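Coordinate analysis (summary)
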Amino acid sequence: MNRLTLGLLLLVLLLQYPLWFGDGGWLKVWEYDQRLELIQEENQKIRRRNAALEAEVRDLKGGYEAIEESARSELGMIKPGEIFIPFTGEEAAAEAPRRDTNGKAGKGN
């Protein structure tokens, strides 16, 4: 190779270096893009959580049913004169009233 070709090749390589490896180079852009995707996924999860919390706040502000349900499920509260009988999954399914073919509730078919 003559010196001119070698010099031009070296010049092209020197000009390409910042494009690939510099502060604003393709590798940095790719790295920032990967981090941006992770942050956007995390933000989406947080948005869903915030929407659920906002809906719960609206329910709690809107009426006593949501407050009562929350007190019953989270704190185990019962009304005066009420008897609380906890059921497990199998017992609850066995004790649930069954409907006959006429649509009336009954203990058995």
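Conventions adopted
Residues numbered from 1 in each chain as written. Predicted model: local features only at pLDDT ≥ 70, side-chain atom pairs only at ≥ 80, totals over all residues. Heavy atoms only, no water. Helix = DSSP H or I, 4+ residues; strand = E, 2+ residues; numbered from the N terminus. Buried < 20%, exposed > 50% of the residue type's maximum accessible area, 1.4 Å probe, protein only. Areas by Shrake-Rupley, 256 points an atom, 1.4 Å probe, with all protein chains shown as cover. Patch = residues over 30% accessible without salt bridge, like charges linked within 9 Å, V, L, I, M, F, W, Y side chains within 5 Å. Salt bridge = Lys/Arg side-chain N within 4 Å of Asp/Glu carboxyl O. Lys, Arg positive; Asp, Glu negative; His and termini not counted. Charge placed at Lys NZ, Arg CZ, Asp CG, Glu CD. pLDDT = per-residue confidence, 0-100. Contact = heavy atoms within 4.5 Å.

Focus: the overall build of the protein chain
- Looking only at helices and strands, the protein chain features 4 helices and 2 strands.
- For the protein chain, the N- to C-terminal ordering of α and β elements is α-α-α-α-β-β.
- Taken over 109 residues, the protein chain has a buried fraction of 4%.
- Total accessible area computed for the protein chain in this model is approximately 10,400 Å², and 60% of it derives from carbon and sulfur atoms.

Details of a negative patch on the surface
- Side chains of Glu56, Asp59, Glu69 and Glu74 sit close together on the surface and give a patch of like negative charge.
- Elements with a contribution of two residues or more to the negative patch: α2 (26-62) and α3 (64-75).
- Looking at the element boundaries, Asp59 is found in helix α2.

Digging into the confidence of the model for the protein chain
- Across the protein chain, the average pLDDT comes to 79, with 80% of residues at 70 or higher.
- A low-confidence stretch, residues 103-109 (pLDDT under 50), is modelled with 11 contacts involving residues beyond four sequence positions or located in other chains.

Digging into the pattern of salt bridges
- Tallying each qualifying case throughout the model produces 5 salt bridges.
- The partner of Arg58 in a salt bridge is Glu54, with the nearest N and O atoms 3.4 Å apart. With a gap of 4 residues between them, Arg58 and Glu54 both fall in helix α2, about one helical turn apart.
- Accessibility expressed as a relative area gives 52% for Arg58, which makes it exposed.
- Between Glu68 and Arg72 there is a salt bridge, with its nearest N and O atoms 3.2 Å apart. With Glu68 and Arg72 both in helix α3 and 4 residues apart, this pair spans about one turn of that helix.
- Exposure remark for Glu68: the relative accessible area of 33% places this residue in the partly exposed category.
- A cluster of three or more residues bridged by salt bridges with shared partners is formed by Glu68, Arg72, Lys79 and Glu82.

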